[in-house]
Amino acid sequence: MSDDDTPLWLFADQLSPRIYGGEHAHREVLLVESTSALGRRRSHRQKLHLVLSALRHAEADLGDRATLIHADTYTEALRGYGRPVLVCEPTSHDAERFVARLRRDGLVAEVLPTPTFAVPRAEFGVWAGARKRFRLEDFYRQQRRRFGVLMDGDEPDSPPVGGRWNFDTENRESPPKGAATLDVPPPFWPEEDDIDAGVRRDLDAMDLNTVGVDGPRLFAVTPAEATEALRCFVTDRLPLFGRYEDAMLGGDWAMAHSLLSVPLNFGVLHPLDAVHAAERAYRDDLAPLAAVEGFIRQILGWREYMWQLYWHFGPEYLDNNSLGAHTPLPDWWSDLDADAVDAECLREALDGVRTRGWAHHIQRLMILGSHGLQRGYQSRELSDWFASSFVDGFAWVMPTNVIGMSQHADGGLLATKPYTSGGAYINKMSNHCRSCRFDPKKRLGPDACPFTAGY
Ligand SMILES: Cc1cc2nc3c(=O)[nH]c(=O)nc-3n(C[C@H](O)[C@H](O)[C@H](O)COP(=O)(O)OP(=O)(O)OC[C@H]3O[C@@H](n4cnc5c(N)ncnc54)[C@H](O)[C@@H]3O)c2cc1C
Ligand code: SF4
């Protein structure tokens, strides 16, 4: 066991008050800006901004408790610091191996379980047992029961609120006819401060392999900002979240989505806080059940499920390529060159990634992922592309979303069917086709829609 005053080392995706507060509130906190880690792989410029901004804001918030070390590598930082540290289980296979080595070298005193997800990893192993096929619905219902979320009563056989577990059918509306934007209040926008200005200056001066453009910081990176972002979402936007969850509008990049993946993935927002806030909105009659269930399904269902399956399937899962997809990614795709694209739906999604490092779920799945699937893009390269190009991309979230859900490269371990469509679906769910030079109904000819032709 560690000494009681052993300091706590936090990676940039572990900046959670649940880690450094409570029983650990007396400990010193070590934060590291590692130049090697920043430059290890290509990253969206705005993702690097978020990482440094989150670390430096954590240092400012923690005051005298925190030491932020700038070093080439984590090892160099820990050696320079001179005291063994506690660290929570990191969030990737590579980082887990690295931390195990640091422990052998005496630089890490103890590895603690990570409290930044709702379901403990050991518990998932019991649920998974000897299963060969994994279906979200089974896992999700178990978590609703376990955490007593949207349940009518607390007996083991209590029914779900509203008598149904699933409101997906109510959550698939086309966008309002003729609308350029959803009639919904804007999301929370963080105010940039001197820390952000310093981060921008430092990144400008560094020689890093980035993709995408710089832009104002759009996502919460501190617990205070995350609380405000969650409050704004639940109060203003959650009521419309479900209905238009799958809809796309050219003039409205955020639609009624929560924009909470960044604070969740950095650890500054706990998933159960988001789930409980949404349930409260339903119980207080401030949001309809279908919207609230749809949102809770994303967090307590999909997000937890993807995290757990990342560990369960292991690092080899990334090598799956059951559909034999071997096309190398074209340069315009890798470089996010949206101007090189004629297909309006694809241009819009790629432009969102270039401009903000973000696109909403249906663009990731049914536009970007579907394009990759139809063109046979090499699955692992595509997974790396998503990780590099998105501000919320982390090692744990990519394999199951890209290899499993989007590319069906795992032979159906995770999803019953590949997610792809022709132009008819995109035309129904968006306003893109109206301004596109292709015709969603045509499969052949110069104006054939590439999605219809590829389907
Ligand atoms: C091909 C592909 C790649 C993706 N890459 C990422 C990624 O790099 N990082 C990431 O966090 N999510 C990823 N997702 C999941 C999802 O698209 C994003 O979490 C979501 O679009 C983020 O926007 P939001 O916060 O407004 O989400 P909302 O639409 O408001 O949903 C609420 C929350 O649910 C969670 N969530 C929903 N679905 C998933 C899922 N399948 N996996 C994990 N979390 C989920 C997210 O935390 C999200 O913030 C990916 C999905 C696909 C199909
Ligand atoms: S016509 Fe086809 S390519 Fe153009 S926006 Fe519609 S679905 Fe996309």
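The present account deals with the structure reproduced in this document.

Calculation notes
- Residues numbered from 1 in each chain as written.
- Chains lettered and ligands numbered in written order.
- Predicted model: local features only at pLDDT ≥ 70, side-chain atom pairs only at ≥ 80, totals over all residues.
- Heavy atoms only, no water.
- Helix = DSSP H or I, 4+ residues; strand = E, 2+ residues; numbered from the N terminus.
- Rg over C-alpha atoms; globule rule 2.2 N^0.38 Å.
- Areas by Shrake-Rupley, 256 points an atom, 1.4 Å probe, with all protein chains shown as cover.
- Axes fitted to C-alpha atoms, helices over the stretch in contact; angles between N-to-C directions.
- Parallel < 35°, antiparallel > 145°, perpendicular 65-115°, else oblique.
- Contact = heavy atoms within 4.5 Å.
- Nonpolar A, V, L, I, M, F, W, Y, C, P; charged D, E, K, R; others polar.
- Pairing = 2+ DSSP bridges.
- 1 Å grid on protein atoms, 1.4 Å probe; cavity = no way out; pocket = protein on both sides within 12 Å on 5 of 7 lines; lining within 4 Å.
- Points joined across faces, edges and corners; volume = space filled by probe spheres on them.
- Near = heavy atom within 4 Å.
- Polar contact = N/O pair within 3.5 Å; in protein donor to acceptor, adjacent residues only side chain to side chain.
- Sits in = over half its atoms within 2 Å of the grid points.
- Buried < 20%, exposed > 50% of the residue type's maximum accessible area, 1.4 Å probe, protein only.
- Core = buried A, V, L, I, M, F, W, Y, C linked by side-chain atoms within 4.5 Å.
- Right-handed = clockwise from strand over helix to strand, strands pointing away.
- Phe/Tyr/Trp six-rings, centres within 6.5 Å; stacked < 30°, edge-to-face > 60°.
- Lys NZ or Arg CZ within 6 Å of the ring centre and 35° of its normal.

1. Details of the overall build of the protein chain
- Summing up its helical and strand segments, the protein chain has 19 helices and seven strands in all.
- Compactness check: the protein chain gives a C-alpha radius of gyration of 22 Å against a globular reference of 23 Å for 455 residues, within 12% of the reference.
- Dimensions of the protein chain along its principal axes, counting C-alpha atoms only, are 70 × 55 × 45 Å.
- Total accessible area on the protein chain is roughly 19100 Å²; 50% of this is exposed by carbon and sulfur atoms.

2. Concerning the packing of helix H6 (residues 121-128) against helix H12 (residues 289-313)
- Running from N to C, H6 and H12 point in directions that differ by 80 degrees, and their axes come no closer than 10 Å. Put simply, H6 runs roughly perpendicular to H12. Listed contacts from H12 to Arg121, Phe124, Trp127 and Ala128 of H6 are Tyr305, Trp307, Gln308, Leu309, Trp311 and His312.
- The residue inventory of the contact of H6 with H12, partitioned by class, reads seven nonpolar, two polar and one charged.

3. A closer look at the sheet that holds strand S5 (residues 85-88)
- What the five strands build is an open sheet, ordered S4-S2-S1-S5-S6; its pairing is parallel. Each edge of the open sheet carries a strand with a single partner, namely strand S4 (66-71) and strand S6 (108-112). Pairs of neighbouring strands in the sheet enclose a mean axial angle of 30 degrees, with direction left out of account.
- Two elements, strand S2 (residues 29-34) and S4, share six bridges in a ladder whose sense is parallel. Opposite leucine 30, over in S4, you have threonine 67 as the bridge partner.
- Sitting on the sheet, helix H3 (residues 45-62) touches S2 and S4, and the angle it makes with S2 is about 155 degrees.
- Contacts from helix H5 (residues 93-104) reach strand S1 (8-10), S5 and S6 within the one sheet, and its direction differs from that of S6 by about 140 degrees.

4. Brief notes about the layout of surface pockets
- Taken as a whole, the second largest pocket spans an internal volume of roughly 1300 Å³.
- Arg40, Arg41, Ser92, Asp94 and Ala395 are the residues nearest the centre of the second largest pocket, which is lined by 44 residues in total.
- Counted by class, the lining of the second largest pocket contains 22 nonpolar, 12 polar and 10 charged residues.

5. Description of the site of ligand 1
- Near ligand 1, the surroundings consist of 27 residues, among which His257, Ser258, Leu259, His361 and Asn401 are the closest.
- Note that an oxygen atom of ligand 1 is positioned 3.3 Å from one of the side-chain N or O atoms of tryptophan 358.
- Between arginine 364 and ligand 1, the recorded distance is 3.4 Å, taken from a side-chain N or O atom to a nitrogen atom.
- For the shell around ligand 1, the elements supplying multiple residues, two or more each, are helix H10 (261-266), H12, helix H15 (361-375) and helix H17 (398-406).
- Take the shell around ligand 1: its biggest share by element is six residues, from H12.
- For the shell around ligand 1, a count of residues per class yields 14 nonpolar, 10 polar and three charged.

6. With respect to the site of ligand 2
- Neighbouring ligand 2 are Ala343, Cys345, Gly423, Ile426, His432, Cys433, Cys436, Phe438, Pro440, Cys449 and Pro450.
- Here ligand 2 is seated within the largest cavity.
- Tallied by class, residues from the shell around ligand 2 come to nine nonpolar, two polar and no charged.

7. Some points on unusual backbone geometry
- In the Ramachandran plot, leucine 150 falls in the positive-phi region, its phi being about 50 degrees despite a non-glycine side chain.
- As for its placement among the helices and strands, leucine 150 is situated in the loop between helix H7 (136-147) and helix H8 (194-205).
- Under the relative-accessibility criterion, leucine 150 is labelled buried at 0%.
- For histidine 408, which is not glycine, the phi dihedral falls at a positive 55 degrees.
- Checked against the element boundaries, histidine 408 lands in the loop between H17 and helix H18 (423-429).

8. Section: empty space enclosed by the protein
- Per the stated rule, a full pass over the model turns up eight cavities of 30 Å³ or more.
- Taken together, 13 residues make up the lining of the largest cavity; nearest its centre are Cys345, Ile426, Cys433, Cys436 and Cys449.
- Elements with a contribution of two residues or more to the lining of the largest cavity: helix H14 (344-356), H18 and helix H19 (450-454).
- Residues that form the lining of the largest cavity fall into these classes: 10 nonpolar, two polar and one charged.
- In this model, the second largest cavity occupies a volume close to 70 Å³.
- As for the second largest cavity, its lining consists of Pro187, Phe188, Leu218, Phe219, Ala220, Ala229, Cys232, Phe233, Arg237, His257, Ser258 and Leu259.

9. Side note on the nonpolar core
- If you look at the biggest cluster of nonpolar residues, it comprises 125 residues, and the most contacted ones within it are Leu31, Leu238, Phe295, Ile296, Trp333, Leu368 and Trp385.
- Top contributing element to this core by residue count: H12, with 14 residues.
- Residue contacts for leucine 31: discarding those within four places in its chain leaves Leu10, Leu15, Leu55, Ala58, Glu59, Ala66, Thr67, Leu68 and Ile69.

10. A closer look at the pairing of S6
- Bridge count for S5 against S6 is four bridges, and the pairing is parallel. The partner of valine 87 across the bridge, within S6, is valine 111.
- Between the parallel elements S5 and S6, the chain passes through H5 in a crossover that is right-handed.

11. A look at the packing of aromatic side chains
- Enumeration over the complete set of coordinates arrives at 29 aromatic pairs.
- With 5.5 Å between their ring centres and 75 degrees between their planes, tryptophan 253 and tryptophan 358 make a pair best called edge-to-face. Pair noted here: tryptophan 253 is in the loop between helix H9 (223-241) and H10 and tryptophan 358 is in the loop between H14 and H15, with a separation of 105 residues, a long-range link.
- When its relative accessible area of 5% is taken as the criterion, tryptophan 358 is described as buried.
- One aromatic cluster in this structure is built from Phe124, Trp127, Phe134, Phe139, Trp302, Tyr305, Phe313 and Tyr317.
- Lying over the aromatic face of tryptophan 311, arginine 121 brings its terminal NZ or CZ to 3.8 Å of the ring centre.
- Lying across the ring of tryptophan 127, arginine 131 places its NZ or CZ 3.9 Å from the centre.

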